[in-house]
Amino acid sequence: MAKLDTRAIGLDAGLKFMTWLTGAENLHYGYWPGLPVSAGNFGAAQEAYTAKLFEQLPEGKLRILDIGGGAGVTAGKLLALGHEVEIIVPSPLLAERCRVNAPGAQVHEMGFEDYAGSGDFDLCLFSESFQYIPLERGLPRCLDLLKPDGQVLIADCFRSDAPVADRSVARVGGGHALTRFRQMLTELPVAVAFEEEITEAVAPSVDIEQELFNVVGFAATRVTQELAGKQPWRHRILTRLWRTFTTPRTRARLDMRLNQRTRTSEAFVTYNHYMIFRLTRV
């Protein structure tokens, strides 16, 4: 039996959700300095994130490998700036959207680990995709794909070493451990040309996301209350089916996601480092 590709499913669902919320097909965090934190400003915050990321593009016309390029929105903007772009995405839906949003880009529908291209790129770009690639394979493979003076640009979450003091607080985000990543940098022929932490500047995205999930949770609770009060027999049947086909752990996780406020920007800042790295070969 084929294994479900939960990563691709999550990306596809995330794309639909963000398109509904912002009217654009961006899958990344927002960058919030100077913007009031509200769902209505999420699209503007995502545009500000892209502008922040593009500040680190090397000069000149570039041949760029956009690894985990989402729906191709970023690649489309890179093409508009005159760059040549190839995109790697693992999802058929995302690959289709890349061809629409970045029609001048070559799209590879596969995981980065399966990409067999010969390279000769000026830049390997990871915009919230580095965390999904095994640490020991990401940068070494990039070095095989870059020109001798090529660079790697990473904008992504990394895990901090902070211990979990309160189990009722959810660890938000993920990624590779930052300490292990820094150790890897000492083991490879790369130098850090630029580094900036923007954790607090992107953290409000977590609060917006949680508020939207709470809206869904509130609606589900109201429906349940109405059924229990006015159609108790139907409520009993649905409750029995729900408990039959879900585990206690699943129900607890859904309750936390939809009805609690354990995922917060404060928790994100505590347990994560959102970093921008530009690396050069040495």
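How each quantity is defined
- Residues numbered from 1 in each chain as written.
- Predicted model: local features only at pLDDT ≥ 70, side-chain atom pairs only at ≥ 80, totals over all residues.
- Heavy atoms only, no water.
- Helix = DSSP H or I, 4+ residues; strand = E, 2+ residues; numbered from the N terminus.
- Buried < 20%, exposed > 50% of the residue type's maximum accessible area, 1.4 Å probe, protein only.
- Contact = heavy atoms within 4.5 Å.
- Areas by Shrake-Rupley, 256 points an atom, 1.4 Å probe, with all protein chains shown as cover.
- Pairing = 2+ DSSP bridges.
- Axes fitted to C-alpha atoms, helices over the stretch in contact; angles between N-to-C directions.

Peer 1: How do you make sense of the overall build of the protein when you look at a structure like this?
Peer 2: Assigned secondary structure in the protein consists of 11 helices and 7 strands. Looking at the protein as a whole, 46% of its 282 residues are labelled buried. The long-range fraction of contacts in the protein, counting pairs at least 24 apart against all pairs at least 6 apart in sequence, stands at 69%. When the accessible surface of the protein is totalled, it reaches about 14,500 Å², and 56% of it is carbon and sulfur.

Peer 1: Would you mind showing me how to read the pairing of strand 3 (residues 106–109) here?
Peer 2: The side chains of a regular strand alternate, residue by residue, between the two faces of the sheet. In the sheet, strand 2 (residues 84–89) pairs with strand 3 via 4 bridges, with the strands oriented parallel. Residue pairing in the sheet places Ile87 in a bridge with Val107 of strand 3.

Peer 1: Looking at this model, I keep getting lost on the pairing of strand 7 (residues 272–281). Mind explaining?
Peer 2: Strand 7 sits mainly inside the fold: 7 of its 10 residues count as buried. By the bridge criterion, 7 bridges tie strand 6 (residues 190–197) to strand 7 in an arrangement that is antiparallel. Note that in strand 7 the partner of Phe194 across the bridge is Arg278.

Peer 1: Would you mind going over the sheet that holds strand 5 (residues 146–159) with me for this structure?
Peer 2: Adjacent strands of a sheet form backbone hydrogen bonds with each other and so pair up, either parallel or antiparallel. Strand order in the open sheet formed by 7 strands is 3-2-1-4-5-7-6, with mixed pairing between adjacent strands. The two strands at the open ends of the sheet, each matched to only one other strand, are strand 3 and strand 6. Ignoring strand direction, the axes of neighbouring strands in this sheet form an average angle of 15°. Here strand 1 (residues 63–67) runs beside strand 4 (residues 121–127); their pairing, made up of 4 bridges, is parallel. Note on strand 4: the bridge partner recorded for Asp66 is Leu125. Here helix 3 (residues 73–80) sits on the sheet and contacts strand 1, strand 2 and strand 4; the angle it forms with strand 2, its principal contact strand, is near 170°.

Peer 1: When you look at the side chain of His28 in this model, what are you seeing that I'm missing?
Peer 2: Position of His28 among the secondary structure elements: in the loop between helix 1 (6–22) and helix 2 (42–54). Classification of His28 by relative accessible area gives buried; the value is 7%. Apart from residues lying up to four places away in sequence, His28 is in contact with Phe42, Gln46, Tyr49, Thr50 and Glu128.

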